[in-house]
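Letter by letter, the chains look like this.
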Amino acid sequence: MLDKLLHPKKKAKPAEFKKIATSFYQLKQDLLEAADKNDINKFYEAYLEMAGTATALSSIISKVEDKEILEVAEPFLVGEIIKTDEEKEAVRLEVRELRKEMTAVGALKFSPVTSKWIKAIVGEIVDELYEEKSKNKKMRSKILEDIQTPHFVHLIPPELLETDFDLWREYIVGTIVHMQHTLTSYGATNTYLKKIICYPREEDELVLRSTLKHEIFVHYLSLIGELSVPDDWEEIAFAVDVIERVKHARPTIKESEKHLSDYAEEYGEPAIAELYQRGRQLAVEGKTGFIIRPGVSDRKASYFSIDILLAEARRVYEEAHVEPRRLLHQYTALRAVGIILGGFLMGLESKEKIKPLAALRDFFSCLYSRYALPSPEYMDWLTKKGGLIDELQEYAEYLTGQTINMIAVEEVQTPGMWMLEKLSEFKANLYYVVTDLYPREYDGRDATDTKGMMKGAWERGMGHLLLTVYRHFHGKRE
């Protein structure tokens, strides 16, 4: 049934536009009403009708005049459209967005040119990240398969309807409510479906490049576990975005860097060129743009701090006479940091011949292996009664002759070192960096050698303890 609706023998005609488009808007409301009433039968009926309607609408929209589009859509739009000269331009832009929406909602495939560009861009990413042939082939196939047009049945796959209504109702309602935004954007990563949604007929290769590299490298690869950073980290996404712009906007990188300010309005960042150059300068001068927070551990990469980059962004703003208070807005701050980081990576590529995407992946993979929370089983071995921390406490009391209170370093401000603090003649606090006790792959044969990693953590903990006690009692006094 669904396949026949998506591939009808009888093609829609432009003369039917008013009827089809009106049905499209009405069906949105019907779907929301059915979801609200928990009426699965009515929802499925409207779903099938929408699938066919979306396909028909997309097939004829290129032959429909703006005036016709606005005439049908206006009753369904929020607010009255005013005909002043200033707002005629707004109406023109609105019609353009409506046309994009109607084009995308029923496009099952990418245009041949867009499809060609997508394959080339995915190939670049995969070739940089995966040298091993079988992994390269597997990831290339998976990513290409997971890049989809925003056709209605891609946004709401039919297999969802075969499961419990309560499991997907919230997702579907959100999808329908925000459908126009999704359909008219260049691209986005659907975290629920773990798919990349991309506009079907992109005419600008540079925009497609920036969009796909942004979505694939950070959001998508993080989502499927190939990148050890949270999938919502916009600062990394903007770094990748600006790198792509610099590499492909002009015939040479040098030329692109020179004209980077041309994209200030598009990025919404007036100091884009200055931020980028500051990042490049940091790399060339051998400086770092970030710090690692000792003792901080989670699966959200909170151990990675952008405070230094944010401070650099503020200095750039002041020098460029841009209001620094803009950075109080989180998205603006992350964008500015991302642009600096992009410049930093391009500087490193020029200086040390690194591959930016591979360097980012390896850097965060290394941090994750050291600072991310271990498995519950490992944490139990570490913290249970008689576990490693208790053993360290007992040995510390034996060495010092004092009652020791063990305190994880995140509870106090220390430079990341273990430290013994005397409270009285017979009591002391021992501040320890908990991540020093986490498993590290190099301590064992491989990542599966838990016993080997536990042995390495025990030796590391004892080493830190002995050094801390020795430094406290016998170290040089300033």
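Residues numbered from 1 in each chain as written. Predicted model: local features only at pLDDT ≥ 70, side-chain atom pairs only at ≥ 80, totals over all residues. Heavy atoms only, no water.

Visitor: Help me get a handle on the overall build of the protein, residues and values and all.
Guide: The secondary structure content of the protein amounts to 21 helices and eight strands. Within the span of the protein, comprising 478 residues, buried residues form 50% of the whole. (Helix = DSSP H or I, 4+ residues; strand = E, 2+ residues; numbered from the N terminus. Buried < 20%, exposed > 50% of the residue type's maximum accessible area, 1.4 Å probe, protein only.)

Visitor: Outline a nonpolar patch on the surface, supporting the account with residue identities and numerical values.
Guide: On the surface, Tyr 395, Tyr 398, Leu 399 and Leu 466 cluster together into a nonpolar patch covering about 390 Å² of accessible area. Counting residues per element, the nonpolar patch draws most heavily on helix H20 (residues 388-400), at three residues. Of the residues examined, Leu 399 reaches a relative accessible area of 32% and is grouped as partly exposed. (Patch = residues over 30% accessible without salt bridge, like charges linked within 9 Å, V, L, I, M, F, W, Y side chains within 5 Å. Areas by Shrake-Rupley, 256 points an atom, 1.4 Å probe, with all protein chains shown as cover. Salt bridge = Lys/Arg side-chain N within 4 Å of Asp/Glu carboxyl O.)

Visitor: Kindly report on the pattern of salt bridges, identifying the contributing residues and their values.
Guide: Per the stated rule, a full pass over the model turns up 28 salt bridges. Residues Lys 213 and Glu 244 are paired through a salt bridge, measuring 2.9 Å at the closest nitrogen-oxygen approach. With Lys 213 in helix H11 (residues 205-223) and Glu 244 in helix H12 (residues 234-248), this pair connects stretches of sequence that are 31 residues apart. The exposure classification of Lys 213 matches that of Glu 244, with both residues buried.

Visitor: How would you explain the environment of Leu 108 if you had to name every residue and give the values?
Guide: Residue placement: Leu 108 occurs in the loop between helix H5 (85-104) and helix H6 (112-129). Not counting residues within four places of it along the chain, the set of residues in contact with Leu 108 comprises Leu 6, His 7, Thr 149, His 151, Val 153 and His 154. (Contact = heavy atoms within 4.5 Å.)

Visitor: Before we move on, could you go through the environment of Asp 204 and cite the residues and values that matter?
Guide: Relative to the assigned elements, Asp 204 resides in the loop between strand S3 (195-198) and H11. Judged by relative accessible area, Asp 204 falls into the partly exposed class, the value being 35%.

Visitor: So, the packing of helix H2 (residues 17-36) against helix H3 (residues 40-60): which residues are in play, and what are the values?
Guide: H3 packs onto H2 with a crossing angle of 150° between their chain directions and a minimal axis gap of 9 Å. What the angle tells us is that H2 and H3 run roughly antiparallel. For the pair H2 and H3, the crossing hand works out as left-handed. Across from Phe 17, Ile 20, Ala 21, Ser 23, Phe 24, Leu 27, Lys 28, Asp 30, Leu 31, Glu 33, Ala 34 and Ala 35 in H2, the residues of H3 making contact are Lys 42, Phe 43, Ala 46, Tyr 47, Glu 49, Met 50, Thr 53, Ala 56, Leu 57 and Ile 60. In terms of residue class, the contact of H2 with H3 is made up of 15 nonpolar, two polar and five charged. (Axes fitted to C-alpha atoms, helices over the stretch in contact; angles between N-to-C directions. Parallel < 35°, antiparallel > 145°, perpendicular 65-115°, else oblique. Left-handed = near helix turned anticlockwise from the far one by under 90°. Nonpolar A, V, L, I, M, F, W, Y, C, P; charged D, E, K, R; others polar.)

Visitor: I'd like a description of the packing of H11 against H12, backed by residues and values.
Guide: At their nearest, the axes of H11 and H12 sit 8 Å apart, and the two run at 145° to each other. Seen along the crossing, H11 lies across H12 with a hand that is right-handed. Contacts between H11 and H12 involve Leu 206, Arg 209, Ser 210, Lys 213, His 214, Phe 217, Val 218 and His 219 on the former and, on the latter, Glu 234, Ile 236, Ala 237, Phe 238, Val 240, Asp 241, Glu 244, Arg 245 and His 248.

Visitor: Please provide a residue-by-residue account of the sheet that holds strand S8 (residues 427-432), values included.
Guide: Taken in spatial order, the three strands of this open sheet run S6-S8-S7, and their pairing is mixed. The sheet is open, and its two edges are formed by strand S6 (403-408) and strand S7 (419-424), each paired on a single side. Mean inter-strand twist for the sheet, computed between neighbouring axes without regard to direction, equals 25°. Summarising the sheet, S6 and S8 pair through six bridges and their orientation is parallel. In the sheet register, Ile 404 faces S8, and the bridge partner there is Ala 428. Its contacts with the sheet put H20 on S6, S7 and S8, and the angle it makes with S6 is roughly 140°. (Pairing = 2+ DSSP bridges.)

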